[in-house]
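# Residue-level structural notes
Chain by chain, the residues run as shown.
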Amino acid sequence: MANAAELTVDGKSYSFPTLEGSEHEKAFDISNLRDQTGYVTLDRGYKNTGATQSGITFLDGEEGILRYRGYSIEDLASKASFLEVAYLLIYGELPTQEEFSTFETAIRRHTLVNEDMRKIFDGFPVNAHPMAVLSSLVSAMSAFYPDSYDDSADASSTDQHIIKLMAKLPTIATWSYKRSLGHPINYPKNNLDYIPNFLNMMFALPVEDYKVDPVVAEALNVLLILHADHEQNCSTSTVRLVGSSKANLYSSISAGVSALWGPLHGGANQEVIEMLEEIKEGGGDVNKYIDMAKNAKTTGFRLFGFGHRVYKNFDPRARIIKKAADDVLTKLGVNDPVLEIAKGLEEAALNDEYFVSRKLYPNVDFYSGIIYRALGIPTNMFTVMFAIGRLPGWIAQWKEMREQKEPIGRPRQIYTGATLREFKPMDQR
């Protein structure tokens, strides 16, 4: 068989086709491995397993490349709005002026959330984690839009649910923050653009006028674009896996929110700030903690926000967001010892041979945490911000999965438990 991989098991050879993606990524197609050989593969964490073929995001960790639908993240972050990128991810092409106007207008008209959702929200404890609230309320949207259960719905119906989710998620996200302060929630204003509208709902007070700072809005625009998609990570894989059972959009995205909540995924930027707080409480000596990180096996201290599981080079998103962080700190004139420690830590790590030789550069989580801190967003809201940015990527992946009619996700396992045992009545145990 041409372009095939040969596998020999117990003296018998089997052939499996090879595949090559548009960016020359290579794979063995082992879809029929178990049928032919009786074997499955064991790949803990799916590090070497391609679960799908996707045309949404290309990531090359060795070269530090990230592209959405073929467009470099550098171009998109510097030239596009978040809603343009959302349209690109979801529908495959950058919108024309007419397409964008229709998309943006539809989102503006659906920002208001049904008041009955407030009753559900009011049932949560005041100190409920915002991610618990977000995941629950996104799932609850299924009950408010029962036609989302219809798997045979046409594309226009699906588009309506996409619009509603894009429009309402920022509104819901601000509720937890406002209540944590004891403030009344702010209703959306449809005369504002997507990001200014979110900032107004977050920070406006009924006792005074609120004016959106364009530097802040632009920094947040860049952050959301950088977080919009990142190939088949934990939360994205979760969205596709749940959606493969024909679960509706809201329940699938709710599952993605829950997956993102984990500290090893979306919670990394929160851990950065907590680390910086720890350094401050320990006296603020950056060099001391750099040395502790080098001897982590002895000290147990780990630097968060440096290096990346996928990127073996500089995270391309970090190069972009560093400038946004510098702009925000300069513009706002924030006097925060924690952020001063962050700048010292960044400078030390970028010039220390130990970190440079291991390519442990500051990543996007390091800088995004700094920006959110400077904006006055509490750490328990950081992952909520991540979810707002990641939403269009999740939607795009869910939509692609349905269009490709992917089979329901059903990973195999290698069973290591007890073999057949005889059941004994309780009085004999």
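To be clear, the structure that these remarks concern was listed above.
Structure report, in brief. For every chain, the first residue of the written sequence is number 1, and numbering continues from 1 along that sequence. Side-chain atom pairs in this predicted model are given and counted only at pLDDT of 80 or more, local residue features only at pLDDT of at least 70, and totals for whole chains, interfaces and linings cover all residues. As a rule here, side-chain values cover all heavy atoms of the structure and leave hydrogens and water aside.

### Structural notes on the environment of Glu104
One can find Glu104 in helix α4 (residues 97–108). Only protein chains enter the area calculation, which uses a 1.4 Å probe; residues under 20% of their type maximum are buried, those over 50% are exposed, and those in between are partly exposed. Glu104 sits in the buried class, given a relative accessible area of 17%. Expressed as a C-alpha distance, the spacing of Glu104 and Leu83, which sit 21 residues apart in the sequence, is 7.4 Å. Discounting residues that sit within four places of it in the chain, Glu104 has contacts with Leu83 and Asp193. Numbering of helices and strands starts at the N terminus; helices are DSSP runs of H or I of at least 4 residues and strands are runs of E of at least 2. Pairs of residues are marked as contacts when any of their non-hydrogen atoms sit within 4.5 Å.

### Structural notes on unusual backbone geometry
Positive phi is not limited to glycine here, since Arg69 has a value of about 50 degrees. By the secondary structure assignment, Arg69 is in the loop between β5 (65–68) and β6 (71–72). You will see that Lys405, though not glycine, has its phi angle at about 55 degrees, which is positive. Lys405 gets classed as exposed once you look at its relative accessible area, which sits at 70%.

### A few points about the packing of aromatic side chains
Classification of ring pairs rests on two measures: the distance between centres of Phe, Tyr or Trp rings, Trp counted by its six-membered ring, which must be within 6.5 Å, and the angle between planes, read as stacked under 30 degrees, edge-to-face over 60 and tilted in between. This model, assessed by the stated rule, comprises 14 aromatic pairs. Centroid distance Phe203 to Tyr210: 6.5 Å. Interplanar angle 40 degrees. Geometry classified as tilted. The rings of Phe306, Tyr354, Phe355, Phe366 and Tyr367 are connected pair by pair, giving a single aromatic cluster. Just above the ring of Trp175 sits the side chain of Arg118; from NZ or CZ to the centre is 6.0 Å. Only when the NZ of Lys or the CZ of Arg is both within 6 Å of the ring centre and within 35 degrees of the ring normal is a charge said to sit over the ring. Above the face of the Phe121 ring, Arg179 is positioned so that its terminal group lies 4.3 Å from the ring centre.

### Some details on the packing of helix α15 (residues 316–332) against helix α18 (residues 364–375)
Relative orientation of the contacting elements α15 and α18 amounts to 20 degrees, with a least axis distance of 9 Å. Of the possible angle classes, the one that applies to α15 and α18 is roughly parallel. Handedness of the α15/α18 crossing: left-handed. The segment α15 lies against α18, with Arg317, Ala318, Ile321, Lys322, Ala324, Ala325, Val328, Leu329 and Leu332 engaging Val364, Tyr367, Ile370, Ile371, Ala374 and Leu375. Orientation is described by lines fitted to C-alpha atoms, with helices fitted over the stretch in contact, and by angles between N-to-C directions that extend from 0 to 180 degrees. Here the angle decides the label: under 35 degrees means roughly parallel, over 145 means roughly antiparallel, 65 to 115 means roughly perpendicular, and every other value means oblique. Note on convention: the crossing is left-handed when the near helix lies turned anticlockwise from the far helix by less than a right angle, right-handed when the turn is clockwise.

### Quick look at the pairing of strand β2 (residues 12–20)
In this analysis, strands are considered paired if DSSP registers two or more bridges between them. Judged from the 6 bridges that link them, strand β1 (residues 4–9) and β2 form a sheet pairing that is antiparallel. Along β2, the bridge assignment pairs Glu6 with Ser15. A loop of 2 residues connects β1 with β2, the two strands running antiparallel in sequence, and Asp10 in this loop sits at a positive phi of about 55 degrees. Pairing between β2 and strand β3 (residues 26–28): 3 bridges, direction antiparallel. Considered in β3, the bridge of Glu20 is made with Lys26. The antiparallel hairpin formed by β2 and β3 contains 5 residues in its connecting segment, where His24 sits at a positive phi of about 70 degrees.

### Some details on the sheet that holds β3
Strand order across the open sheet formed by 3 strands is β1-β2-β3, with antiparallel pairing between neighbours. The open sheet is flanked by β1 and β3, the only strands paired with a single partner. When the angles between neighbouring strand axes are averaged without regard to direction, this sheet yields 30 degrees.

### Section: the layout of surface pockets
Points on a 1 Å grid over protein atoms alone make up a cavity when a 1.4 Å probe fits among them but cannot get out, and a pocket when they form an open set with protein on both sides within 12 Å along at least five of seven lines; lining residues each have an atom within 4 Å of a point. Grid points are joined across faces, edges and corners, and a volume is the space filled by probe spheres set on the points. Within this model, the second largest pocket holds a volume of roughly 360 Å³. Lining the second largest pocket are 15 residues, with Asp151, Lys399, Arg402, Glu403 and Lys405 sitting closest to its centre. For the lining of the second largest pocket, the secondary structure elements donating two or more residues are α7 (155–180) and α19 (382–403). The biggest single contributor to the lining of the second largest pocket is α19, with 5 residues. In this classification, Asp, Glu, Lys and Arg are treated as charged, Ala, Val, Leu, Ile, Met, Phe, Trp, Tyr, Cys and Pro as nonpolar, and every other residue, Gly included, as polar. Residue composition of the lining of the second largest pocket, by class: 4 nonpolar, 3 polar and 8 charged.

### Description of the environment of Phe355
Relative to the elements of secondary structure, Phe355 occurs in helix α17 (residues 353–357). As for Phe355 and Glu277, which are separated by 78 residues in sequence, their C-alpha atoms are 21 Å apart. The contacts of Phe355, once residues within four sequence positions are left out, are Ile290, Ala293, Lys294, Leu303, Ala349 and Leu360.

### Describing the packing of helix α9 (residues 214–227) against α15
Direction vectors running N to C along α9 and α15 enclose 160 degrees, while the axes themselves pass 10 Å from each other. With respect to each other, α9 and α15 are oriented roughly antiparallel. In the packing of α9 onto α15, the handedness of the crossing is left-handed. Where α9 abuts α15, its residues Val215, Val216, Ala219, Val222, Leu223 and Leu226 lie against Arg317, Ile320, Ile321, Ala324, Asp327, Val328, Lys331 and Leu332.

### Observations regarding the nonpolar core
By nonpolar core is meant a set of buried Ala, Val, Leu, Ile, Met, Phe, Trp, Tyr and Cys residues that side-chain atoms within 4.5 Å join together. With 116 residues, the main nonpolar core has Tyr68, Leu134, Met166, Ile253 and Leu345 as its most contacted residues. Of all the elements, α19 adds the most residues to this core, at 12 residues. Once residues within four sequence positions are removed from consideration, Leu134 is found in contact with Leu169, Ile172, Ala173, Val257, Val384 and Ala387.

### Thoughts on the sheet that holds strand β4 (residues 57–60)
Strands sit in the order β4-β5-β6 across an open sheet of 3 strands; the sheet is antiparallel. Pairing within the sheet leaves two strands with one partner each, and these edge strands are β4 and β6. As paired elements, β5 and β6 share 2 bridges and run antiparallel to each other. Looking at the pairing, Arg67 lines up with Ser72 of β6.

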